[in-house]
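Observations on chain architecture
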Amino acid sequence: MSGETANAAGEALLRRLRRLMAWAERVKVTDRDQLLALLDDLETTRRGLLRECAEIEGQMKQATARTTAIGAYLRSSQVGRGKSQH
């Protein structure tokens, strides 16, 4: 998923979570059907947010690996030219 698409999906999930929280404030404790629907929607949103978190974590790991590789390449190119490794 591209960065912009992931960001849009994450924002949509956060907006949905805010709506669900507002709904939770209005729902009556005695309305079993609404409580069950709310719990289901909350669980669906929670799973979506967990997927987004996992996607972001994967992107961060990939960026870290790329940064490490670039640093190693830079150090090896400097050694080949007789420069210091620092």
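The following paragraphs examine the structure supplied in this document. (Residues numbered from 1 in each chain as written. Predicted model: local features only at pLDDT ≥ 70, side-chain atom pairs only at ≥ 80, totals over all residues. Heavy atoms only, no water.)

1. Some thoughts on the overall build of the chain
Secondary structure summary: the chain contains 2 helices and 0 strands in total. Within the chain, buried positions represent 13% of all 86 residues. Of the contacts formed within the chain by residues at least 6 apart in sequence, a portion of 53% connects residues at least 24 apart. Approximately 7,000 Å² of the chain is accessible, and the part contributed by carbon and sulfur atoms is 57%. (Helix = DSSP H or I, 4+ residues; strand = E, 2+ residues; numbered from the N terminus. Buried < 20%, exposed > 50% of the residue type's maximum accessible area, 1.4 Å probe, protein only. Contact = heavy atoms within 4.5 Å. Areas by Shrake-Rupley, 256 points an atom, 1.4 Å probe, with all protein chains shown as cover.)

2. Structural notes on the environment of Glu55
Counting through the fold element by element, Glu55 comes out in helix α2 (residues 32–80). A relative accessible area of 28% means that Glu55 is categorised as partly exposed. Between the C-alpha atom of Glu55 and that of Ala6, which follows or precedes it by 49 residues, the distance is 8.1 Å.

3. Observations regarding the side chain of Thr45
Within the fold, Thr45 resides in helix α2. Of the residues examined, Thr45 reaches a relative accessible area of 0% and is grouped as buried.

4. Points about the environment of Arg16
With respect to the helices and strands, Arg16 occurs in helix α1 (residues 3–26). Classification of Arg16 by relative accessible area gives partly exposed; the value is 28%. The spacing of Arg16 and Thr45 is 29 residues in sequence and 7.4 Å in space, taken between C-alpha atoms. Dropping the residues within four chain positions of it, Arg16 is found in contact with Asp41, Thr44 and Thr45.

5. Structural notes on the pattern of salt bridges
Per the counting criterion, the structure on display carries 3 salt bridges. Among the ionic pairs, Glu57 bridges to Lys61, the shortest N-O distance being 3.8 Å. A residue pair is termed a helical-turn pair when its members lie 3 or 4 positions apart in one helix, as Glu57 and Lys61 do in helix α2 at 4 residues. (Salt bridge = Lys/Arg side-chain N within 4 Å of Asp/Glu carboxyl O.)

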